[in-house]
Amino acid sequence: MKAFVGVDLGGTNLRAGIVDIERGIVLTSDTVPTLAREGPEAVMRRMGDLVKAAIASCRLGVEDIGGVGIGVPGVLDLDKGLTLFLPNLPGTWPNVPLGSTISEKVDLPVFLLNDARSITYGEWMFGAGRGVDTMACFTIGTGIGGGLVINRKLHLGIGGTGGELGHQTIDFNGPVCGCGNRGCLEAFASGPAMAGLGIKAVIQGLTTSIGKLVDYDLNRITPEVICEAARQGDSIAKDIYVQAGTYIGIAVANILTTVGPRKVVIGGGVAAAGDLLLEPLRRTVHERVHVMPIDQTEIVQASLGLNAGLLGSAMWAAHNLDQV
Ligand SMILES: [Zn+2]
């Protein structure tokens, strides 16, 4: 068995899993809080301990492990193993030597990859994107991440920055996005953008069950709550999914015409709504794409859940060591 470690550095949780890269399965995984406010040194110490504990829990030693891949939420220097800008972590981690620090702590080679690209790679190798030469992936949650596999290679662009599908401009007059641009897809269809529409509907006094589902505590309105209301037949809640699905559909249409993928994989927490989101998304794509054979592109829900990132990061380390 070839075992690698996949790590996910999240704003809330750190996860590490031991991955059998031949079968594409996570053998064990463990999660601890990131406690990101304590700063990079403390987080990296916790990450090193978590990786060692994961290896030990599989009754393996360092000599049994090929390497470590870390999925990181932000902009990186892949060659130097540095974090450059992690917008969701306090202090944003400029020039933090994450790769070399973890490598010293666990005595293994370490490779970094943007977290959405890790999910893309995992879904392509072992999940909903398996078997195609060209694929696009959108991860829709607190933000909207993305990634591309082109001609059987994870597309990196400059330093791994290529594939930010959530920051394509959908409306040049649109609202300001967290990245500084105006009218990005993320500003229209991320989890918080959808929650904002739910909150607005309740405040406006529209006829919707969204407010009642959270006892009118507006802070508790999430895409999951809106999904529950929509499944109960709430038309305002359904409309919020139609709106998000339409915006994502415009973005998917842009990718279809520019990249021509065989599959588009839609993942992240918001995608758990399934057809509520996918139906308007597919309809929009059919309305807008006329210059490529859309009947040869499948638009599907991601299939690996939280394991996609761990699998993708571990496979990325294996790929960099010429093991796959
Ligand atoms: Zn943006």
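Residues numbered from 1 in each chain as written. Predicted model: local features only at pLDDT ≥ 70, side-chain atom pairs only at ≥ 80, totals over all residues. Heavy atoms only, no water.

Peer 1: Summarise the packing of aromatic side chains; cite the residues concerned and give the values.
Peer 2: Summed over all chains, the structure comprises 3 aromatic pairs. Arranged with centres 5.9 Å apart and planes meeting at 85°, the rings of Tyr121 and Trp316 form a pair that is edge-to-face. Taken together, the residues span a long stretch of sequence, with Tyr121 in helix 3 (residues 115–126) and Trp316 in helix 10 (residues 307–320) at a distance of 195 residues. Both residues of the pair, Tyr121 and Trp316, count as buried. Here the aromatic cluster, defined as three or more aromatic residues joined through ring pairs, consists of Tyr121, Trp124 and Trp316. (Phe/Tyr/Trp six-rings, centres within 6.5 Å; stacked < 30°, edge-to-face > 60°. Helix = DSSP H or I, 4+ residues; strand = E, 2+ residues; numbered from the N terminus. Buried < 20%, exposed > 50% of the residue type's maximum accessible area, 1.4 Å probe, protein only.)

Peer 1: Please provide a residue-by-residue account of the layout of surface pockets, values included.
Peer 2: When its volume is computed, the second largest pocket comes out at roughly 310 Å³. Lining the second largest pocket are 13 residues, with Tyr121, Arg152, Lys153, Leu154 and His319 positioned closest to its centre. Those elements that provide at least two residues to the lining of the second largest pocket are helix 3, strand 10 (153–154) and helix 10. Take the lining of the second largest pocket: its biggest share by element is 3 residues, from helix 3. For the lining of the second largest pocket, the per-class residue count stands at 7 nonpolar, 3 polar and 3 charged. (1 Å grid on protein atoms, 1.4 Å probe; cavity = no way out; pocket = protein on both sides within 12 Å on 5 of 7 lines; lining within 4 Å. Points joined across faces, edges and corners; volume = space filled by probe spheres on them. Nonpolar A, V, L, I, M, F, W, Y, C, P; charged D, E, K, R; others polar.)

Peer 1: Before we move on, can you summarise a nonpolar patch on the surface with the specific residues and values?
Peer 2: Together, Met1, Ile25 and Leu27 make up an exposed nonpolar region whose accessible area comes to about 260 Å². Mapped onto the fold, Leu27 is located in strand 3 (residues 25–33). By relative accessible area, Leu27 is classed as partly exposed at 32%. (Patch = residues over 30% accessible without salt bridge, like charges linked within 9 Å, V, L, I, M, F, W, Y side chains within 5 Å. Areas by Shrake-Rupley, 256 points an atom, 1.4 Å probe, with all protein chains shown as cover. Salt bridge = Lys/Arg side-chain N within 4 Å of Asp/Glu carboxyl O.)

Peer 1: Describe the pattern of salt bridges, and please don't skip the residues or the numbers.
Peer 2: Evaluated as defined, the whole model comprises 5 salt bridges. Between Asp20 and Arg23 there is a salt bridge, and its shortest N-O distance comes to 2.8 Å. In this structure, Glu38 engages Arg46 in a salt bridge whose closest nitrogen and oxygen atoms are separated by 2.3 Å.

Peer 1: Kindly report on the coordination of the zinc ion, identifying the contributing residues and their values.
Peer 2: On the protein side, the zinc ion has His167 (ND1), Cys177 (SG), Cys179 (SG) and Cys184 (SG) as donor atoms, found 2.0 to 2.4 Å from it. Coordination at the zinc ion is tetrahedral, judged from the 4 donor atoms that bind it and the angles of 107 to 119° they form at the metal. (Donors = N, O, S within 2.8 Å, 3.2 Å for Na, K, Ca; no water. Tetrahedral: all angles 85-135°; square planar, octahedral: opposite > 155°, others 65-115°.)

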